[in-house]
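Chain by chain, the residues run as shown.
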Amino acid sequence: MICQTGLHTPSGQHLLGIIDHGAEGDTDAPCNGPPMASIAMNIMGGGGGREIWYTDQEVSYGIAGEICYAQSDNLLFGVAHYPANEIAQDAYQAYRNIIRLTRRAGVTQLIRAWNYFPNINGDQADLERYRRFCLGRYEALADAGFSLAEDLPAASAVGSRHGDLWIIFLAGNGAARQVENPLQTSAFRYPPTYGPRSPSFCRAKRFVYGQEDYLFVSGTASIRGHETVYPGDPIGQCATTVDNLRALLAQAGADNPHQLGTEATWKVYIRNTDDFRAIKAFLDQALDPTSHILYLCGDICRKALLVEIEGVIDMRQS
Ligand code: 3EB
């Protein structure tokens, strides 16, 4: 499996799907080919803002309600497109249908989910929309019998400028292991001060199938224990986040966790455009020079967080 930002299909590879972060708005184009997500974010650096997923396995495409998907022997890659109105209910429906589809397709592990919707820090009926989203997601996973310590996907939840709820997900058959960060409280154990239902994601998921071995790193931010550290200081937050990433890679079993992977793909979400230059200068030093880094402007799900970093790491070269 490959994730890249170029438009040229690598030879011998089959398209799983395309995530266009730089879309102007939602596309209603019928999905009768590869799944495609159009997310309205501002691209700050790293090419056209498109992320393209491939596999060397044969792929077939399908539609199930609001979900377009690509399926191969071991993988199910999907794009779920829902309204973002009553966001707890929308998230509940989306996750319920994602889990139904994976089960119907005979796929056992939910590996990774990317969640994008607008006004993520805004209130809706006295509760922040992100916290409402967490409610709906939690209920859907709980109804499906997910175990919080074993079955959660790695995830990100980031604000878009406008548009619908887009959930991009990767599921698969193989050996999937949930990895938690010893420096951070597991998000699914956050105390209720952060919302009535804790966020249902793991810090990283290691997924081994066939000859492949990947670590999917969730959106990682300047959180120690469960508290935000370095409020108002984008570089302090960046440094703490990089330390968190290294601790997570060590926990996942990387040979050289300090290096943070070879040819890793990273997405960096920055709340304020003004912080981009300083954050990029810091990460150019901290991340390995072989890294592929996409910088996106988006709201992060705690108001005091200014930057969040996620990634995909090939564990055979980490
Ligand atoms: C955090 O560590 C920061 O709700 O899916 C990061 C990654 C965060 C994923 C999610 C939230 C999510 O709590 C926020």
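These notes cover the structure that comes with them.

1. Focus on the sheet that holds strand β15 (residues 204-209)
(1) Moving on: Across the sheet, seven strands lie side by side as β4-β20-β19-β21-β16-β15-β14; this open sheet has mixed pairing. Edge positions in the open sheet fall to β4 (42-45) and β14 (175-179), since each of these has one partner strand only. With direction set aside, neighbouring strand axes in the sheet form an average angle of 15°.
(2) Moving on: Running at roughly 160° to strand β20 (residues 292-297), helix α4 (residues 276-286) makes contact with β4, β19 (265-270), β20 and β21 (307-314) of the sheet.

2. Concerning the pairing of strand β13 (residues 165-172)
(1) Moving on: Counted residue by residue, β13 has eight buried out of eight residues, so it is predominantly covered.
(2) Moving on: One ladder, built from eight bridges, connects strand β8 (residues 75-82) with β13; its direction is antiparallel. Bridging across to β13, Tyr82 finds its partner in Leu165.

3. A few points about the sheet that holds strand β12 (residues 154-160)
(1) Moving on: Strand order in this open sheet of six strands is β6-β7-β8-β13-β9-β12, and the pairing throughout is mixed. Each edge of the open sheet carries a strand with a single partner, namely β6 (60-64) and β12. Put simply, the sheet's adjacent strands are angled 15° from each other on average, direction ignored.
(2) Moving on: Looking at chain direction, strand β9 (residues 109-118) and β12 are connected through seven bridges and run parallel. Of the residues in β12, the one forming a bridge with Ala113 is Ala155.

4. Thoughts on the packing of helix α3 (residues 234-252) against α4
(1) Moving on: With their axes 10 Å apart at the nearest point, α3 and α4 run at an angle of 30° to one another. Between α3 and α4, the angle is such that the two are roughly parallel. Considering only the axes of α3 and α4, their crossing is right-handed. In contact with Pro234, Ile235, Cys238, Ala239, Val242 and Arg246 of α3, α4 contributes Ala278, Ile279, Phe282, Leu283 and Ala286.
(2) Moving on: The residue inventory of the contact of α3 with α4, partitioned by class, reads 10 nonpolar, no polar and one charged.

5. Considerations on the site of the ligand
(1) Moving on: Taken together, 13 residues surround the ligand, and among them Tyr130, Arg137, Tyr190, Arg203 and Cys301 come closest.
(2) Moving on: At 2.5 Å from an oxygen atom of the ligand is found a side-chain nitrogen or oxygen belonging to Tyr130.
(3) Moving on: A distance of 2.8 Å separates an oxygen atom of the ligand from a polar side-chain atom of Arg203.
(4) Moving on: Contact with the protein chains covers 99% of the free accessible surface of the ligand, which is 360 Å².
(5) Moving on: Among the secondary structure elements, those contributing two or more residues to the shell around the ligand are α2 (129-143) and β12.
(6) Moving on: Per-element accounting of the shell around the ligand gives the leading share, three residues, to β12.

6. Brief notes about the nonpolar core
(1) Moving on: Residues Met1, Trp53, Phe133, Leu165, Ile168 and Phe216 are the most contacted members of the largest nonpolar core, which totals 72 residues.
(2) Moving on: Ala204, Ile293, Tyr295 and Ile313 belong to the second largest nonpolar core, which has 29 residues in total.

7. Some points on the packing of aromatic side chains
(1) Moving on: Tallying each qualifying case throughout the model produces 10 aromatic pairs.
(2) Moving on: When the ring of Phe207 is compared with that of Tyr209, the centres are 4.9 Å apart and the planes differ by 25°; the resulting orientation is stacked. We note that Phe207, like Tyr209, is buried.
(3) Moving on: A network of ring pairs unites the aromatic residues Trp53, Phe77, Trp114, Tyr214 and Phe216 as a single cluster.
(4) Moving on: The ring of Tyr190 carries the charged tip of Arg302 above its face, separated from the ring centre by 5.0 Å.
(5) Moving on: Sitting over the face of the ring of Tyr194, Arg302 holds its NZ or CZ atom 4.0 Å from the ring centroid.

Parameters at a glance
- Residues numbered from 1 in each chain as written.
- Predicted model: local features only at pLDDT ≥ 70, side-chain atom pairs only at ≥ 80, totals over all residues.
- Heavy atoms only, no water.
- Pairing = 2+ DSSP bridges.
- Helix = DSSP H or I, 4+ residues; strand = E, 2+ residues; numbered from the N terminus.
- Axes fitted to C-alpha atoms, helices over the stretch in contact; angles between N-to-C directions.
- Contact = heavy atoms within 4.5 Å.
- Buried < 20%, exposed > 50% of the residue type's maximum accessible area, 1.4 Å probe, protein only.
- Parallel < 35°, antiparallel > 145°, perpendicular 65-115°, else oblique.
- Left-handed = near helix turned anticlockwise from the far one by under 90°.
- Nonpolar A, V, L, I, M, F, W, Y, C, P; charged D, E, K, R; others polar.
- Near = heavy atom within 4 Å.
- Polar contact = N/O pair within 3.5 Å; in protein donor to acceptor, adjacent residues only side chain to side chain.
- Areas by Shrake-Rupley, 256 points an atom, 1.4 Å probe, with all protein chains shown as cover.
- Core = buried A, V, L, I, M, F, W, Y, C linked by side-chain atoms within 4.5 Å.
- Phe/Tyr/Trp six-rings, centres within 6.5 Å; stacked < 30°, edge-to-face > 60°.
- Lys NZ or Arg CZ within 6 Å of the ring centre and 35° of its normal.

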